[in-house]
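# Descriptive structure summary
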Amino acid sequence: NDVPPDLPVVQADSARLFQVLVNLMGNAIRFTSKGHIKVSGRRVSHTQRPAVELSVSDTGIGIPADKLENVFGAFEQVDTHTTRQYGGS
């Protein structure tokens, strides 16, 4: 993991942030049979207030290019084959 110890404290909905990170890490674990999963954080300067960017990256199966626009919409399973092969609902 690549989260610097001096990352600033920011105001956020901690329960929602925890849920998002758990979901991202769970998917990374489920769909990465070989390779790595990396959690990282960094300070970003879009405004005067401190801001933090968190990311979860992996070398898993990925999301098909034609499905990327749906990532931030309502839940949608890419296809039923991945559910059967990797689990989930």
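Note that the structure is a prediction, hence the values are computed from the model and not measured. (Residues numbered from 1 in each chain as written. Predicted model: local features only at pLDDT ≥ 70, side-chain atom pairs only at ≥ 80, totals over all residues. Heavy atoms only, no water.)

### Thoughts on the pairing of strand 2 (residues 51-58)
Walk down a regular strand and you will see the side chains alternate between the two sheet faces. Where strand 1 (residues 37-44) and strand 2 come together, 8 bridges link them in antiparallel fashion. The partner of Arg 42 across the bridge, within strand 2, is Glu 53. Here strand 1 folds back onto strand 2, and the loop between the two strands holds 6 residues. (Pairing = 2+ DSSP bridges. Helix = DSSP H or I, 4+ residues; strand = E, 2+ residues; numbered from the N terminus.)

### Considerations on the environment of Pro 8
Residue placement: Pro 8 occurs in the segment before helix 1 (14-30). Here Pro 8 falls in the buried class, since its relative accessible area comes to 18%. Residues Pro 8 and Arg 42, 34 residues apart in the sequence, show an inter-C-alpha distance of 9.1 Å. Setting aside residues no more than four positions away along its own chain, Pro 8 makes contact with Arg 43, Pro 50 and Val 52. (Buried < 20%, exposed > 50% of the residue type's maximum accessible area, 1.4 Å probe, protein only. Contact = heavy atoms within 4.5 Å.)

### Details of the side chain of Ser 40
Counting through the fold element by element, Ser 40 comes out in strand 1. With relative accessibility at 14%, the residue Ser 40 sits in the buried group. Contacts of Ser 40, omitting those with residues within four sequence positions, involve Asp 2, Val 3, Glu 53, Leu 54 and Ser 55.

### As for the environment of Phe 31
Positionally, Phe 31 belongs in the loop between helix 1 and strand 1. What makes Phe 31 buried here is its relative accessible area of 17%. Spatially, the C-alpha atoms of Phe 31 and Asp 58 are 8.8 Å apart, while their sequence positions differ by 27 residues.

### A word on the confidence of the model for the protein
Confidence in the prediction of the protein, expressed as mean pLDDT, is 84, and 83% of residues score 70 or more. Per-residue pLDDT, averaged within each element of the protein, yields its smallest value for helix 2 (residues 80-86) (58) and its largest for strand 1 (94). (pLDDT = per-residue confidence, 0-100.)

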